[in-house]
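Breakdown of the fold
One letter stands for each residue in the lines below.
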Amino acid sequence: MQKTQLLFLLAFIAQLYSQVPVQANPQSDKGKNVRLYDPLKMDKLKAKLKKFPNLQLADLPTPMIHLANLSQHLGGPQIYLKSDNLTGHGGGGNKLRKLSYVMADALEKGATDIITTGATQSNHSRMTASQCARLSLKCHLVLENRRANYEPKHINSGNVFLDKLFGASVYHFKKGTDTKKEMELLAEELKKQGKVPYIIPGGASNELGAAAYAEAAMEILEQLNSMQVNARIIVSATGSAGTQSGLATGLQALASEVSLLGISTKDQKLAQEEKVFELAKKAADRIGIPQNEINRN
Ligand SMILES: Cc1ncc(COP(=O)(O)O)c(C=O)c1O
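Presented here is an overview of the structure given in this document. Quick caveat: nothing in here was measured; it's all calculated off a predicted structure. (Residues numbered from 1 in each chain as written. Predicted model: local features only at pLDDT ≥ 70, side-chain atom pairs only at ≥ 80, totals over all residues.)

**Some points on the sheet that holds strand S6 (residues 169-174)**
Strand order in the open sheet formed by four strands is S6-S5-S4-S7, with parallel pairing between adjacent strands. In the strand order of this sheet, the two ends are held by S6 and strand S7 (197-200), each with one partner. Neighbouring strand axes in the sheet, compared pairwise and without regard to direction, differ in orientation by 20° on average. The pairing of strand S5 (residues 138-145) with S6 spans six bridges and is parallel. In the strand pairing of S6, leucine 143 is matched with histidine 172. (Pairing = 2+ DSSP bridges. Helix = DSSP H or I, 4+ residues; strand = E, 2+ residues; numbered from the N terminus. Axes fitted to C-alpha atoms, helices over the stretch in contact; angles between N-to-C directions.)

**Concerning the packing of helix H9 (residues 207-226) against helix H11 (residues 269-287)**
Across the interface, H9 lies against H11 with an axial gap of 9 Å and an inter-helix angle of 80°. With respect to each other, H9 and H11 are oriented roughly perpendicular. Mapping the contact onto sequence places Glu207, Ala210, Ala211 and Ala214 in H9 and Leu279, Ala280, Lys282, Ala283, Arg286 and Ile287 in H11. Here the contact of H9 with H11 is composed, by residue class, of seven nonpolar, no polar and three charged. (Parallel < 35°, antiparallel > 145°, perpendicular 65-115°, else oblique. Contact = placed C-beta atoms within 7 Å. Nonpolar A, V, L, I, M, F, W, Y, C, P; charged D, E, K, R; others polar.)

**Some details on the nonpolar core**
Ile114, Ala214, Ala217 and Leu254 are the most contacted members of the largest nonpolar core, which totals 64 residues. With 12 residues, H9 is the largest single contributor of residues to this core. Here this core gathers at least three residues from each of two domains, domain 1 (3-91 + 206-293) and domain 2 (112-195). Other than its neighbours up to four places away in sequence, leucine 254 contacts Tyr37, Asp38, Lys41, Met42, Leu45, Ala217, Met218 and Leu221. (Core = buried A, V, L, I, M, F, W, Y, C linked by C-beta atoms within 7 Å. Buried ≥ 20, exposed ≤ 12 C-beta atoms within 10 Å, placed from the backbone. Domains from an automatic or database assignment.)

**Details of the environment of glycine 90**
Among the secondary structure elements, glycine 90 is positioned in the loop between strand S3 (78-82) and helix H4 (95-108). The class of glycine 90 is buried, set by 23 C-beta atoms lying within 10 Å. Between the alpha carbons of glycine 90 and serine 130 there is a distance of 5.3 Å; along the sequence they are 40 residues apart. Leave out the neighbours within four places in its chain, and glycine 90 touches Arg126, Met127, Ser130, Gln131 and Phe166.

**Topic: the pairing of strand S4 (residues 113-119)**
Within S4, seven of the seven residues are buried, which leaves the element mostly enclosed by the surrounding structure. In this structure, S4 lies alongside S5, joined through seven bridges in parallel fashion. Residue pairing for S5: isoleucine 114 is matched across the bridge by cysteine 139. Bridging between S4 and S7 involves four bridges; their strand directions are parallel.

**Considerations on the environment of leucine 45**
Of note, leucine 45 is situated in helix H2 (residues 39-50). Expressed as a C-alpha distance, the spacing of leucine 45 and alanine 253, which sit 208 residues apart in the sequence, is 7.2 Å. Those residues in contact with leucine 45, other than ones at most four positions away along the chain, are Ala214, Met218, Gly250, Ala253 and Leu254.

This is the structure:
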């Protein structure tokens, strides 16, 4: 399995005793049950998210796999893997859930051209390019070479090769470029040509992208419930923050007692926590979840 694929996955450290909604603090209450979710709140959140335009681009639900051998090898808690690498269509990964919501908004707004950004080998950019091809939209990728040097192989192969195969226009910029500004300049240029540009932020991590991961939180908890897995903690990668913010928003809206731990791919702990919290509040607001239900811990 590739490193990038592995990062896409959400790992679940779980205890296998009980069933449904039950427990408290995972550290101090090791043997007790964890409440996965409040079923009434589950119905409410589902109804709220149904109101969002959603292109359902991903193959869902993705599998929840018990890593029995790894759990035994490590001799610790049982580990489950949420295989969001299997969302499909253009290579899959977590970004496709987010793009289902964000690109639905783009189509509603009459977009002809999609602009987004990422590092040179960005998975998000590759997935945006693939979905633009699927939806017959023109894709523009503002890519930042975050490496110190220009390496032709890095600039031209892998995801960049696929971006071009999917028909995207690729614009390369050096490390430290203000890519947000570059996207805005490009949008202005496209408007002058009579196009309707729509900018998707890096990682599709805005309120809509996060809402997709609030939906993923419901999917995860329902799977754990039906598998009778009393999960204590969800561990996920966190970069542009949409994944963790959405999961946090979903877990809190469902009154879940399952903890959430993000492993930052780039930023320092405090900065990343702030980013996740701010986006979770915005996502909650957009979904219609009272702000007081969202806390930083
Ligand atoms: C492969 C992969 N999975 C997951 C994530 C985290 O998702 P998000 O960008 O929504 O924080 C990242 C972020 O860098 C990533 O590179």
